[in-house]
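Commentary on secondary and tertiary structure
Chain by chain, the residues:
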Amino acid sequence: MTSNEQPTFPRLSARTLRFTLGAPRSFTPAPDGGRVAFLRSPSGTHRGTELWTYDPGTDTERRVADPATLLTDGAEDLSPAERARRERSRESAAGIVGYATDRDVRVAAFALSSRLWLADLVTSEVVELPAVSPVIDPRPDPTGRWVAYASGGALRVVGAAGEPDRVLAEPDASTESGSVAWGVAEFIAAEELDRRRGFWWAPDGSALLVERYDEAPVTVWHIADPAQPDREPAAVRYPAAGTPNAEVSLWLVGLDGSRREVAWDNERFPYLVEVAWTSYGPPLLEVATRDQKTVRVLSVDVESGETAVVREDSDAAWVETIPGVPRWLADGRLVTTVDDGASDTRRLAFDGRPVTPEGLQVSVILDVDEAGVLLAASTEPTEVHVTRVAPDGTLTALTDTPGVHTGRSARDLVVLVSQSLDHDGVRVRVLRSGTEVGRIASRQETPSFEPRVDLLRLGARELRTAVLFPREHVPASTRLPLLLSPYGGPHEQLVQSTRARFLSSQWLADQGFCVVVADGRGTPGRGPAWEREVLHDFVSTLDDQVAVVREVIQRYPDDVDADRVAIRGWSYGGYLSALAVLRRPDVFHAAVAGAPVTDWRLYDTCYTERYLGHPDDQPDVYERNGLIADAGRLERPLLLIHGLADDNVVAAHTLRLSSALLAAGRRHTVLPLTGVTHIASEEVVAENLLLFELGFLRAALAR
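Below is a short write-up of the structure. (Residues numbered from 1 in each chain as written. Predicted model: local features only at pLDDT ≥ 70, side-chain atom pairs only at ≥ 80, totals over all residues. Heavy atoms only, no water.)

**Details of the overall build of the chain**
- Looking only at helices and strands, the chain has 12 helices and 44 strands in total.
- Taking 27 Å as the expected radius of gyration for a compact globule of 703 residues, we find that the chain reaches 25 Å, a close match to that expectation.
- On the principal axes, the C-alpha backbone points of the chain span a range of 75 × 60 × 55 Å.
- Across the 703 residues that make up the chain, the buried fraction comes to 58%.
- Long-range contacts, defined as pairs at least 24 residues apart, comprise 59% of the intrachain contacts of the chain with a sequence gap of at least 6.
- When the accessible surface of the chain is split by element, carbon and sulfur atoms take 47% of a total near 27,300 Å². (Helix = DSSP H or I, 4+ residues; strand = E, 2+ residues; numbered from the N terminus. Rg over C-alpha atoms; globule rule 2.2 N^0.38 Å. Buried < 20%, exposed > 50% of the residue type's maximum accessible area, 1.4 Å probe, protein only. Contact = heavy atoms within 4.5 Å. Areas by Shrake-Rupley, 256 points an atom, 1.4 Å probe, with all protein chains shown as cover.)

**A closer look at the packing of aromatic side chains**
- Under the counting rule described, the total for this entry stands at 23 aromatic pairs.
- Consider the rings of phenylalanine 469 and tyrosine 556, whose centres lie 5.1 Å apart with planes at 70°: the pair is edge-to-face. Highlighted residues: phenylalanine 469 in the loop between strand E38 (463-468) and strand E39 (480-484) and tyrosine 556 in the loop between helix H7 (540-555) and strand E41 (560-570), separated in sequence by 87 residues.
- For phenylalanine 469, a relative accessible area of 7% translates into the label buried.
- Here the guanidinium or amino end of arginine 526 rests over the ring plane of tryptophan 530, the centre of that ring lying 3.9 Å away.
- The cationic tip of arginine 532 hangs over the ring face of tryptophan 318; the distance from NZ or CZ to the ring centre is 5.6 Å. (Phe/Tyr/Trp six-rings, centres within 6.5 Å; stacked < 30°, edge-to-face > 60°. Lys NZ or Arg CZ within 6 Å of the ring centre and 35° of its normal.)

**Re the pattern of salt bridges**
- One pass over the structure, following the stated rule, counts 48 salt bridges.
- In this structure, aspartate 510 engages arginine 471 in a salt bridge whose closest nitrogen and oxygen atoms are separated by 2.8 Å. Of the two residues, aspartate 510 is situated in helix H5 (residues 503-510) and arginine 471 in the loop between E38 and E39; the sequence distance between them amounts to 39 residues.
- Under the relative-accessibility criterion, aspartate 510 is labelled partly exposed at 25%.
- Of the charged contacts in the structure, one is a salt bridge between arginine 583 and aspartate 630, with a shortest N-O distance of 2.7 Å. On the criterion of sequence distance, the pair formed by arginine 583 in helix H8 (residues 572-583) and aspartate 630 in the loop between helix H10 (619-625) and strand E43 (638-643) is long-range, its members being 47 residues apart.
- Through salt bridges with shared partners, a single network forms among Asp315, Asp339, Arg346, Glu531 and Arg532. (Salt bridge = Lys/Arg side-chain N within 4 Å of Asp/Glu carboxyl O.)

**Re the sheet that holds strand E36 (residues 435-440)**
- Spatial strand order, E33-E34-E35-E36: 4 strands in an open sheet with antiparallel pairing. The open sheet is flanked by strand E33 (404-410) and E36, the only strands paired with a single partner. Across the sheet, the mean angle separating the axes of adjacent strands is 25° when strand polarity is ignored.
- Across 6 bridges, the pairing between strand E34 (residues 413-419) and strand E35 (residues 427-432) is antiparallel. From the neighbouring strand, valine 417 faces E35, where its bridge partner is valine 428. (Pairing = 2+ DSSP bridges. Axes fitted to C-alpha atoms, helices over the stretch in contact; angles between N-to-C directions.)

**Concerning unusual backbone geometry**
- The linkage connecting serine 133 with the following residue, proline 134, adopts the cis geometry, with an omega of 5°.
- By the secondary structure assignment, proline 134 is in the loop between strand E9 (126-129) and strand E10 (136-140).
- Positive phi, normally seen in glycine, also occurs at leucine 17, with a value near 50°.
- Relative to the assigned elements, leucine 17 resides in the loop between helix H1 (9-15) and strand E1 (25-29).
- When its relative accessible area of 5% is taken as the criterion, leucine 17 is described as buried.
- Notably, histidine 536 is not glycine yet its phi reads approximately 65°, a positive angle.

**Describing the sheet that holds strand E23 (residues 294-300)**
- Spatially, 4 strands are ordered E21-E22-E23-E24 in an open sheet, and the strand pairing comes out antiparallel. Two strands close off the open sheet at either side, each with one partner strand: strand E21 (271-276) and strand E24 (307-314). Adjacent strand axes in the sheet meet at a mean angle of 20° when their direction is disregarded.

**Description of the environment of serine 124**
- Here serine 124 lies in the loop between strand E8 (115-120) and E9.
- Considering only alpha carbons, one finds serine 124 and valine 417, 293 residues apart in sequence, at a separation of 25 Å.
- If near-sequence neighbours (up to four positions away) are discounted, serine 124 is found in contact with Arg62, Arg63 and Val64.
- A distance of 2.5 Å separates polar atoms of two side chains, one belonging to serine 124 and the other to arginine 62. (Polar contact = N/O pair within 3.5 Å; in protein donor to acceptor, adjacent residues only side chain to side chain.)

**So, H8**
- Over its 12 residues, H8 runs 16 Å from end to end, which matches the ideal 16 Å to within 8%, given 1.5 Å per residue.
- Of all 12 residues making up H8, 12 are buried, and the element is well covered by its neighbours.
- Three or more residues of H8 are buried, namely Tyr572, Gly573, Gly574, Tyr575, Leu576, Ser577, Ala578, Leu579, Ala580, Val581, Leu582 and Arg583.
- Its buried side turned inward, H8 meets H7, E41, strand E42 (590-594), helix H9 (605-612), H10 and E43. (Expected span 1.5 Å × (residues − 1).)

**Topic: the environment of alanine 216**
- Mapped onto the secondary structure, alanine 216 falls in the loop between strand E16 (207-214) and strand E17 (220-223).
- Overall, alanine 216 belongs to the partly exposed group, its relative accessible area being 29%.
- Expressed as a C-alpha distance, the spacing of alanine 216 and leucine 12, which sit 204 residues apart in the sequence, is 44 Å.

**Points about helix H11 (residues 652-663)**
- In this model, H11 (12 residues) spans 16 Å end to end at C-alpha, consistent with the 16 Å of a helix rising 1.5 Å per residue.
- On its buried face, H11 is in contact with E43 and strand E44 (669-673).
- Immediately downstream of H11, the backbone of glycine 665 shows phi near 75°, a positive value.

**Some thoughts on the nonpolar core**
- Ranked by size, the top nonpolar core spans 105 residues in total, and within it Leu482, Phe538, Val552, Phe588 and Trp600 carry the most contacts.
- The greatest single-element share of this core, amounting to 8 residues, is contributed by H8.
- Beyond its immediate chain neighbours, meaning those up to four positions away, phenylalanine 538 contacts Pro490, Tyr572, Tyr575, Trp600, Tyr607, Tyr611, Leu612 and Asn625. (Core = buried A, V, L, I, M, F, W, Y, C linked by side-chain atoms within 4.5 Å.)

**Observations concerning the side chain of arginine 35**
- Considering the arrangement of structural elements, one finds arginine 35 in the loop between E1 and strand E2 (36-40).
- Of note is the side chain of arginine 35, whose polar atom sits 3.1 Å from the backbone oxygen of valine 105.
- In this view, arginine 35 contacts Thr28, Pro29, Ala30, Tyr54, Pro56, Asp104, Val105, Arg106, Leu121, Val122 and Leu413; residues no more than four positions away in its chain are not counted.

None of this, on its own, says anything about what the molecule does.
In structure tokens, the structure reads:
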């Protein structure tokens, strides 16, 4: 490609990280309404994220910290610990990818190139603080006087005004080397429980709650780089289903050097799901049993470290934990969610009493303050809206146009972030007391086309489905091969009313396919009963994809070729794709399976045991939901793709299935991605991977 040529869609999609670069994100509004801190990269093709502020009073933006200016000594140097953190959060950008502020949002701390920086958000002055590298997750205390951070297994603190760095907690000499860490979230919390931090400041800045984990009981796995045979394999602790987890405890650590353990029944409730410490009440913990069928909210006595049960929830399947709760209201009532079985609705609750209506499915608690609760919820799973619930229970809808909306708030200041099928990228509005006072600009690249999406409800189960034909397709002019592109499992929706969800699908459609994306049972947004339909039965998610194929063929008989049906997907979608050609070759004629789980015994404890139970107790469930035993049934073209550096769905999944297929004499194709983790974010790899898939599908479905 010459400098004058426009990049192809696959190249531009890879270069822009699927058109996410340049979008403002990670908003923190100040309680006094004077500023909003946020992150944004300089353009839609630049990965070096910067720290910015927005002034609602003047509707102006100001760049506070630019990595290119701060790092005068060269490119970023990321520690293995920071790389692991970014992998857990699926962070592919560079520069300042996270920050934390004091209570008044006057100062912000961030790690850049494993060093510690402090920014004055009022004056835009940025200084480097003396710290022990590598710096992980620095956070100012609420008063802004101190900054705590994790480094080398220890939790450390340094003064914002120059007080020297010192250790608050560190592994003792008796522990196994490298197995103990203070102040960071263990693998399961970061990967499966939506908790990526490991310490929490007291409201007055005098102490912290600090996680300590010990990975010594966790099985050691080795991830090698076959392209670099001179390098030793990386040893990682991976808690596979049925094996030991890390031992997690929580400690009250004072700046004066005091330390006491927070006491709860860790043996029965080993998962530390959430921690919250605000000025509205004592610290709150959310802990769960290993099978996740019982969850407790505990309050902590900061003098003794003892805990008391504030609330307990149980469910015969599992208790779904929701980001952002538990929290205290300013008046001392407990904020949680409850699953209302009578109406099949996940509802916001104050002291256990539901305050949101039946049918409004609450997905995330965005903020809790004196003004009440800001939450994301929906009555239609293809949309997400922002609602404020006042302390008296009054509901105010802040968004109503079709799309996916989220936000942040501080008292009367609200930041609303919106995506839609009606516009490209994100739009960010800032409201004060319900009135728009300005907008924060997005610098995203604009795709060269708009996806043409039909959002449908198909079949008796009203499966939310997106159908995309080539933009130049004339109805009934030609019958196209049908390509399903699902995720199709727990914790992920693809069928949502935003353009971003369907850019790659439209490009694939334009190559000569009818592309269909469907959310089946187990996906969020349709209520607790829908989510729990996958209990002990991932295979049933394939039934919904089969139903969608039949419905689409019936709806478009002159536009879709029932004899050329393929399916592609990644992660759970990769599992579903391989499952499709192994179990239903009568429906699916080819599959591309990226990073598929093929043996659920090789996936992690928390996710797998939540849905399939413990493998020692229910080996038949694991056998029924796995793919290895089906190898001899393959009769359709199958492309397996896997990153060899993946530490989430390890490459052993694909290699074991490939070995079983070879032993059964079944032809298939394997594409190993050297040095690639669970997400292929390198531009050349991401671009050519999409082109490789396209070539495989065309050949597999050729007549």
